[in-house]
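Here is what each chain is made of, one letter per residue.
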Amino acid sequence: MPQLVDVQNMCRWINHHGVEKLIAGIQSYIEEDFVRWESFDKIPRVASHTPIGVIELMPTSDSNEYAFKYVNGHPSNPTRGYQTVTAFGVLADVDNGYPTFEAEMTLLTALRTAATSAMAAKYLARKESEVMAMIGAGSQSEFQALGFRAALGIERVRIFDIDPDAMEKFRRNIEPLGIEVYMAASVEDAVEGADIITTCTADKAQNTILDYSLIRPGVHLNGVGGDCPGKTELDARILDDATVFVEFPPQTRIEGEIQNKDDDFEVVELWKVIAGKHEGRTSDEEITLFDSVGFAIEDFSALRYLRDSVAGTEFQEFIDLVADPEDPKDLFSLTTNVLTPL
Ligand code: NAD
């Protein structure tokens, strides 16, 4: 029977281990899977757009396991009392096609996005980086901050959001965990002296959250919020000066910051850096940009990590998801064997 991690068990699992430890663990699985990138089936995610949001399916598989994530992105949701991003996901056995594992992925997506960002920064940011500017203090923000502490030891975050309540929420959540938080008055103020700049805002528009004039040599940019057609965060001129690292180019050219550039705009595939096939940062002056959109292999890795971590523990349940008659040709037998009449 497939295993299940529902919301309650996901919360208990995270509480038990702590966010930073789990981000580090998921990161190690993502690194492992990025190294064997070429053994995966890959397609850009399947997106269903409306004027106010998107619903996406993100499938991938290796020769043993198949995974998909269902995820939405509705930037105006918080004003209506809903979250911008929610998700769930499934692992299945390639051999017989049966689902083996199902999990809530709203929290798991926040962990895996932070893990991927932190992994990229480990290879692309300057080693002596100490300060991160964080633009956008929504659902992902605390996870990003903790991911960067786990991977790079970042202990100082300069936060800015157009919503002062979101900034206050970030400070309230993060300061007690020992990270120094500076509440910036503007984007300009936030990026002052920052070694790393993370943009993680939600708005279905081609925004200029970061102006070209604010970019200093040597900075690493972690662009998380531009992840959908017509939804970007950076002054496009920044991309001309930066070395741009992406997950899966056919998807990022549709969804990432590079959607504002020609189809042959030069990018480096992040997996090649992780696998030692391409250089990461080459000098202290280089401007590096991780144009993150989120790719299916990261969800495959996160589901794998969760499945392995909860195996045999109290955080895992079973779900009767597959109708499985004794005689595989007699599905009909189950229709006459209903225990509780409807
Ligand atoms: P959220 O709605 O919880 O938070 C977004 C925050 O951005 C809000 O607090 C909002 O006030 C702020 N904001 C909007 N416009 C701004 C501006 N001009 N300047 C400063 N702040 C601004 O959303 P979230 O769940 O934190 O997600 C943030 C973004 O990250 C979304 O666009 C989402 O689609 C994206 N995302 C990307 C990945 C990935 O893998 N790349 C994964 C998850 C989410």
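Everything that follows concerns the structure shown earlier in this document.
The present account deals with the structure reproduced in this document.

Parameters and conventions
Residues numbered from 1 in each chain as written. Predicted model: local features only at pLDDT ≥ 70, side-chain atom pairs only at ≥ 80, totals over all residues. Heavy atoms only, no water. Pairing = 2+ DSSP bridges. Helix = DSSP H or I, 4+ residues; strand = E, 2+ residues; numbered from the N terminus. Near = heavy atom within 4 Å. Polar contact = N/O pair within 3.5 Å; in protein donor to acceptor, adjacent residues only side chain to side chain. Areas by Shrake-Rupley, 256 points an atom, 1.4 Å probe, with all protein chains shown as cover. Nonpolar A, V, L, I, M, F, W, Y, C, P; charged D, E, K, R; others polar. Axes fitted to C-alpha atoms, helices over the stretch in contact; angles between N-to-C directions. Parallel < 35°, antiparallel > 145°, perpendicular 65-115°, else oblique. Left-handed = near helix turned anticlockwise from the far one by under 90°. Contact = heavy atoms within 4.5 Å.

Glancing now at the pairing of strand 7 (residues 99–104). Alignment of strand 1 (residues 3–5) against strand 7, held across three bridges, turns out to be parallel. Residue pairing for strand 7: Val 5 is matched across the bridge by Ala 103. Here strand 6 (residues 87–93) runs beside strand 7; their pairing, made up of five bridges, is antiparallel. Looking across to strand 7, one finds that Val 90 is bridged to Glu 102.

So, on to the site of the ligand. Around the ligand sit 23 residues, and of these Thr 84, Asp 161, Asp 227, Lys 231 and Ser 292 come closest. Within the backbone of Ala 202, a nitrogen or oxygen atom sits 3.5 Å from an oxygen atom of the ligand. Summarising the interface, the protein chains cover 89% of the accessible area of the ligand, which totals 860 Å² for the free molecule. Residues of the shell around the ligand, tallied by class, amount to nine nonpolar, nine polar and five charged.

Looking now at the packing of helix 3 (residues 106–124) against helix 4 (residues 141–152). Helix 4 packs onto helix 3 with a crossing angle of 40 degrees between their chain directions and a minimal axis gap of 8 Å. Comparing their axes, helix 4 and helix 3 come out oblique. The two elements helix 3 and helix 4 meet at a crossing, and its hand is right-handed. Note on element contacts: helix 4 touches helix 3 through Phe 143, Gln 144, Gly 147, Phe 148, Ala 151 and Leu 152, opposite Leu 107, Ala 110, Leu 111, Thr 113, Ala 114, Ser 117, Ala 118, Ala 121 and Lys 122. Among the residues making up the contact of helix 3 with helix 4, the classes are represented as 10 nonpolar, four polar and one charged.

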